[in-house]
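Listed below are the residues making up each chain.
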Amino acid sequence: FSIRIKLMNFLVFLGLFYFWHVIFSAFSLYGSRRLGDRKEEAVVALKATSAGALVLGFVAAFFRVRMITPALIAEFWIIATSTIILSRLALREFLRRARVHGRNLRHLLIIGTNSRAVEFARAIEVRPELGYQLVGFADEEWLGNREFAKNGNSIVSDLQHFSDFLRESIIDEVAIALPMKSFYSQAARIVAQCQEQGVTVRVLANM
């Protein structure tokens, strides 16, 4: 507390706060990572804090801030990385336990009834810790629907009346499993309709 802080150092400090926010936004750390695993989240956090430490070192060298030494940058990187990773892992575990007990659930609608859609639905159902409640499927009538119905799956809407179903139902996320080559226009229309309602859209790509 006995160190005198210049106005320029204070402004640099505020600028670093802003760049830290930009870096975390660029690495999508403020968004939901419900489908990601722990290792992936830890790696992303490590990359973000490393980028932040590099910016801190660049600012210290450019503005000749004596308070920011290489040792301080190293200590800051270690403390920030460990704190962020441990806190996010603890939050992930807390949310996992809450979702298993029926809290923090998200209603999911899958667009398409092909094998990719069915496999994704099964992967969601066997992992209750993800916190997804499958509402059903939406698709047009085609030959594969007979086999699809035999497995106990339900089609809650067709693609033509999807917007009406979206307005009348509680849907938090939509996963599109349509073949893009033949259903691109329908998929684009669904994305636009979900954007109007503020519904998150995921595309189950299989290249």
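See the structure shown above.
Throughout what follows, the structure given in this document is the object of discussion. (Residues numbered from 1 in each chain as written. Predicted model: local features only at pLDDT ≥ 70, side-chain atom pairs only at ≥ 80, totals over all residues. Heavy atoms only, no water.)

## Concerning the layout of surface pockets
For step 1, the next point in the chain: For the second largest pocket, the calculated volume is near 350 Å³.
For step 2, the next point in the chain: Around the second largest pocket sit 18 residues that line it, and Arg33, Arg34, Glu41, Arg92 and Arg99 are the ones nearest its centre.
For step 3, the next point in the chain: If you list the elements that add at least two residues to the lining of the second largest pocket, you get α2 (38-63) and α3 (70-100).
For step 4, the next point in the chain: It is α3 that provides the largest number of residues to the lining of the second largest pocket, a total of six residues.
For step 5, the next point in the chain: In terms of residue class, the lining of the second largest pocket is built from four nonpolar, three polar and 11 charged. (1 Å grid on protein atoms, 1.4 Å probe; cavity = no way out; pocket = protein on both sides within 12 Å on 5 of 7 lines; lining within 4 Å. Points joined across faces, edges and corners; volume = space filled by probe spheres on them. Helix = DSSP H or I, 4+ residues; strand = E, 2+ residues; numbered from the N terminus. Nonpolar A, V, L, I, M, F, W, Y, C, P; charged D, E, K, R; others polar.)

## Considerations on the environment of Asn151
For step 1, the next point in the chain: Within the fold, Asn151 resides in the loop between α5 (145-150) and β3 (155-157).
For step 2, the next point in the chain: Of the residues examined, Asn151 reaches a relative accessible area of 46% and is grouped as partly exposed.
For step 3, the next point in the chain: On a C-alpha basis, the gap between Asn151 and Val118 in space is 9.7 Å, while along the polypeptide they are 33 residues apart. (Buried < 20%, exposed > 50% of the residue type's maximum accessible area, 1.4 Å probe, protein only.)

## Here we look at the packing of aromatic side chains
Where two aromatic rings form a pair, the distance of their centres and the angle of their planes describe that pair.
For step 1, the next point in the chain: For the structure shown, the criterion picks out seven aromatic pairs.
For step 2, the next point in the chain: Plain terms: the ring middles of Tyr18 and Phe19 are 5.8 Å apart, the flat faces sit at 65 degrees to each other, and that makes the pair edge-to-face.
For step 3, the next point in the chain: Judged by its relative accessible area of 53%, Tyr18 is exposed.
For step 4, the next point in the chain: Three or more aromatic residues link up through ring pairs in this structure, and these residues are Trp20, Phe24, Tyr30 and Phe76. (Phe/Tyr/Trp six-rings, centres within 6.5 Å; stacked < 30°, edge-to-face > 60°.)

## Let's talk about the nonpolar core
For step 1, the next point in the chain: Core analysis: the largest hydrophobic core is formed by 15 residues, its most contacted members being Leu109, Ile111, Phe162, Val174 and Ile190.
For step 2, the next point in the chain: Secondary structure elements with two or more residues in this core: β1 (106-111), α6 (162-168), β4 (173-176) and α7 (180-197).
For step 3, the next point in the chain: Setting aside anything within four residues of it in sequence, one finds Val174 in contact with Leu108, Leu109, Ile111, Phe162, Ile190, Cys194, Val199, Thr200, Val201 and Arg202.
For step 4, the next point in the chain: Counting 14 residues, the second-largest nonpolar core is a separate cluster that includes Phe120, Leu130, Phe137 and Ala175. (Core = buried A, V, L, I, M, F, W, Y, C linked by side-chain atoms within 4.5 Å. Contact = heavy atoms within 4.5 Å.)

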